[in-house]
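What follows is each chain in one-letter form.
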Amino acid sequence: MIIGVLVQLSNKNIDKVFDYSVPSELQDMIKIGIRVEVPFGKQVLEGFVLEIKDSSDLAVKDIISVKDEEVILNDELLELGKRIQSDTLATLISCYQVMLPKALKAKQGNVINKKFDTFYYLGDVNISDLKLNDSQQRIVDLVLEKGKVLRKEIVDISLSSVNTLEKKGILVSEKTEHYRLSYSDEKVEKFPLTSDQENVVNEVILDKHDVYLLHGVTGSGKTEVYMELIEKVIDEGKTSIVLVPEISLTPQMVKRFQNRFGDKIAALHSALNDGEKYDEWRRIVRREASIVIGARSAIFAPLENIGLIIIDEEHSDSYKQTDTNPRYSAKDIAIIRGEHYNCPVIMGSATPSLEVMARAQKGVYKYLSLPNRVNGKSLPSVEIIDMNQSMGRMRGHFSETLIKSIEEILEKDEQIILFLNRRGYSSFVTCKNCGHTFKCPHCDITLTYHKSSNTMRCHYCGYGTKVYEVCPECNEKSLNNLGVGTQKVEEELNNLFPNARVLRMDFDTTSRKGMHEEMINSFKNHEYDILLGTQIVTKGLDFSNVTLVGVINADTSLNIPDFRSSENTFSLLSQVAGRSGRSSKTGKVVIQTYNPDHYAISFAKNHDYLGFYNKEMEIRRILKYPPFYYLCFIRISGKDPNYIFGEANKIKRSLDRNLLHTSILGPSTCSVFKVNNVYRYGIILKYKKEDNLKVILEKILDHYKSNSNIKIDIDFNPSQIG
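First, a word on what this report is: a plain description of the structure on this page.

## Observations regarding the overall build of the chain
When helices and strands are counted, the chain shows 20 helices and 30 strands. Here the chain, with 722 residues, has 53% of them falling under the buried criterion. Across the chain, every contact between residues at least 6 apart in sequence was considered, and the portion connecting residues at least 24 apart equals 74%. Carbon and sulfur atoms form 45% of the exposed surface of the chain, whose accessible area is close to 32,900 Å². The positive charge centre, built from 94 side chains, and the negative charge centre, built from 95, are 4 Å apart in the chain.

## A closer look at the nonpolar core
One finds Leu73, Tyr96, Met99, Ile299 and Phe300 to be the most contacted residues of the largest nonpolar core, which totals 89 residues. Among the elements that make up this core, the one with the highest residue count is helix H10 (residues 330–341) (six residues). Not counting chain neighbours up to four residues away, the residues in contact with Phe300 comprise Leu77, Leu80, Ile84, Val98, Met99, Tyr328, Ile333 and Arg337. The next biggest cluster of nonpolar side chains, apart from the first, holds 30 residues, and it includes Met227, Met253, Phe257 and Ile310.

## A few points about H10
Look at H10: 16 Å from first C-alpha to last across twelve residues, which is about the 16 Å you get at 1.5 Å a residue. Summarising burial for H10: nine of the twelve residues are buried, a large majority. Along H10, the residues classified as buried are Ala330, Lys331, Ile333, Ala334, Ile335, Ile336, Arg337, Gly338 and Tyr341. As for H10, its buried residues are in contact with helix H1 (75–88), strand E9 (211–216), strand E10 (239–243), strand E13 (306–311), strand E14 (345–349) and helix H11 (354–362). Two residues or fewer after H10 comes Asn342, characterised by a positive phi angle close to 55°.

## Observations regarding the sheet that holds strand E20 (residues 455–457)
As summarised here, the arrangement of the three strands in space is E19-E20-E21, forming an open sheet in which the pairing is antiparallel. Two strands close off the open sheet at either side, each with one partner strand: strand E19 (448–450) and strand E21 (464–466). Each neighbouring strand pair of the sheet contributes to a mean axis angle of 30°, computed without reference to strand direction. Strand direction decides the pairing type here: E19 and E20, joined by three bridges, are antiparallel. Note on E20: the bridge partner recorded for Tyr449 is Met456.

## Some details on the environment of Ser390
Here Ser390 is to be found in helix H12 (residues 387–390). Taking the C-alpha atoms as reference, Ser390 lies 36 Å from Met515; in sequence the two are 125 residues apart.

## Some points on the pattern of salt bridges
Applying the stated criterion to the full structure yields 45 salt bridges. One salt bridge connects Glu414 with Lys412, and the closest N-O pair in it is separated by 4.0 Å. Salt bridges here are not isolated pairs; linked through shared partners, they connect Lys190, Glu224, Glu228, Glu231, Arg256 and Arg260.

## A short note on H11
In an α-helix, one full turn covers 3.6 residues, which means residues spaced three or four apart are oriented alike. Within the sequence span of H11, burial applies to Leu354, Glu355, Val356, Met357, Ala358 and Ala360. Where H11 is buried, its residues touch E9, H10, E14, strand E15 (366–370), helix H16 (565–577) and helix H18 (609–623). Count one or two residues on from H11 and you reach Gly363, which has phi positive near 90°.

## Structural notes on the pairing of E10
Counting buried residues along E10, five of its five residues qualify, which places the element largely inside the surrounding structure. Side chains of E10 alternate between two faces, with Thr239, Ile241 and Leu243 and Ser240 and Val242 buried alike. Bridge count between E10 and E13: five bridges; the pairing is parallel. Its bridge partner lying in E13, Ser240 is registered against Leu308. Alignment of E10 against strand E12 (residues 291–294), held across four bridges, turns out to be parallel. In the strand pairing of E12, Ile241 is matched with Val292.

## Remarks on the sheet that holds strand E6 (residues 115–122)
Backbone-to-backbone hydrogen bonds join strands into a sheet, with any given pair of strands oriented parallel or antiparallel. If you walk across this open sheet you meet the three strands as E7-E6-E8, and the pairing is antiparallel. Lying at the two open borders of the sheet, with one neighbouring strand each, are strand E7 (149–150) and strand E8 (171–178). Of the pairings in the sheet, the one linking E6 to E7 comprises two bridges and is antiparallel in character. Across the sheet, Phe119 pairs through a bridge with Leu150, a residue of E7. Lying over the sheet, helix H3 (residues 134–146) contacts E6, E7 and E8, oriented at roughly 100° with respect to E6.

## A few points about unusual backbone geometry
A cis amide bond, omega -5°, links Asn325 with the succeeding residue Pro326. Across the junction of Gly666 and Pro667, the peptide omega takes the value 5°, indicating a cis bond. Tracing the backbone shows Pro667 in strand E28 (residues 662–675). Phi is positive for His526, which is not a glycine, with a value near 60°. One can find His526 in the loop between helix H15 (515–524) and strand E24 (530–533).

Calculation rules
- Residues numbered from 1 in each chain as written.
- Predicted model: local features only at pLDDT ≥ 70, side-chain atom pairs only at ≥ 80, totals over all residues.
- Heavy atoms only, no water.
- Helix = DSSP H or I, 4+ residues; strand = E, 2+ residues; numbered from the N terminus.
- Buried < 20%, exposed > 50% of the residue type's maximum accessible area, 1.4 Å probe, protein only.
- Contact = heavy atoms within 4.5 Å.
- Areas by Shrake-Rupley, 256 points an atom, 1.4 Å probe, with all protein chains shown as cover.
- Lys, Arg positive; Asp, Glu negative; His and termini not counted.
- Charge placed at Lys NZ, Arg CZ, Asp CG, Glu CD.
- Core = buried A, V, L, I, M, F, W, Y, C linked by side-chain atoms within 4.5 Å.
- Expected span 1.5 Å × (residues − 1).
- Pairing = 2+ DSSP bridges.
- Axes fitted to C-alpha atoms, helices over the stretch in contact; angles between N-to-C directions.
- Salt bridge = Lys/Arg side-chain N within 4 Å of Asp/Glu carboxyl O.

As far as function goes, none of this settles anything; it's purely spatial.
Written as structure tokens, this is what we have:
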């Protein structure tokens, strides 16, 4: 028997199947999609079996071992990996590895083991004939009472007595695997659907592959629609995937689904440790879970017989993988899997991305609407504060209006969410005497001051340093913190409202495992009055007692040099505003800005998605941006900036010669030119139809695949350029 093996090394030079022979004693274990261990040069590598055949034209070596009893990648996932490779030009092995938990990838550090519980029960002995000491008798009595006892229950009595009883055959041990996560099967009564929700449920055809846009205002009950449809899918014996954009949303979503579906759910997201991910993955493979909830990578859940895929908050750019290959979109993968299983894909949002809304308006996707909040109340009123006119009356970063609004809400014993899209204490540290600004030595970016640790840190590479007392350039004590971060606003809040309980939620405070869920629960239980946070607080969170949302500075995302900055600003403001007044209490929103007349802010004030959509679409059409044109971003990077710039220009000339229907911009420096001592140039391609685009790009990748001095990254339909 000969097998074709794809080894787990992501390198363009070896991105192909290698033939190996299988010793007779291992042949019965071989299946397509399992892992084997093989000799590869001087190394021993793991790889996936992709072919089984009778012979090979080459002299082949024997495999060393078979790693799996069950198939790791089924036929559908194997084909999906090939499709991703074709769409992203990544290596095939990277397209398979992105689907798997760390425990099933090539060995990187510690092996992840299964967890077992040891139980004891009585052996085939006559109890009356036994001569036992006191501790042995207590153990036997406990086992007689319960029938089967967990090891830790009897070890607490006496470990030596347990060992003695086991040696004599009085106790018999049995190991049972247990999963690191557990789900209660306690269910709660479900909410009756509104007429709007019932109409949406009735419009979705579960045995046909259609892509739906569910456009529902914040608080319209999209999650109830999802659960109602999933219940129908389960009744048909099928499975479902539910994607959420942020890890912080996963605990709340898991809890709601657990209350409805009990232990039928499994969770897959980056907040789980490697062992938990491994356990959840195996629960899914063993068909012990029929609903998978998680962030982007959960789209690869090894479910079979999928009947529904849901992408909540579809506008979020977190559904696109941007930092490593393959640079895939979870929305694209969802549509591919939906085609395979002939099942619907539902994308839900209060602020749909322009690309998705454009497809819905053209009839490519089916449009569903939830125009009203479940409680029948109107969306919160929004007040815009012009910071240009409030400069002399500001107290820190708070206008008089926002301060007064916070005081009124605190007096009513209601809660407040404050949004600021920057963590840390200040954006950067500069010298007001000579103008020196502290930058990361490895990246072309200013260091952010963090007061709690009294350090300056780079949010790109992680570099950190102490805070200087004097400027290293002019030796003057004239350092100044500019900009504003969540730590600084938290300090101001504590000074302005000393009796208020303030909870700060950002990357720094939620880095410890479980902190997202702990903070959400504590705020929901009104252990805090004010929740201050970054983008974490803008999406999906549902707190019935929140009646005021304040935006400290709406301009942060507007100032980002990206063609989507207006869309992102409108979406952020609309989403965070939607956290207010979600129950019977009336909600209010206060937005502070230096650009009160900007259309993104004006339309957000009026909750006018369609007005914003039409305005932004006209701008995109004129500037030839999506959804009117496709984009491809090529990043050329390396440690020698002069060499990289020269090669980038060669690539540009090659593209000019070969792409006849494409606008080619660049090369230019990326928005952050240097990251971790690597210099980066970018080329942007704009096109409607270019038949040979991928062929040309593949040739460029092949040309540089053996050149260690340069790295070429290609991102189709990038969520951000830089």
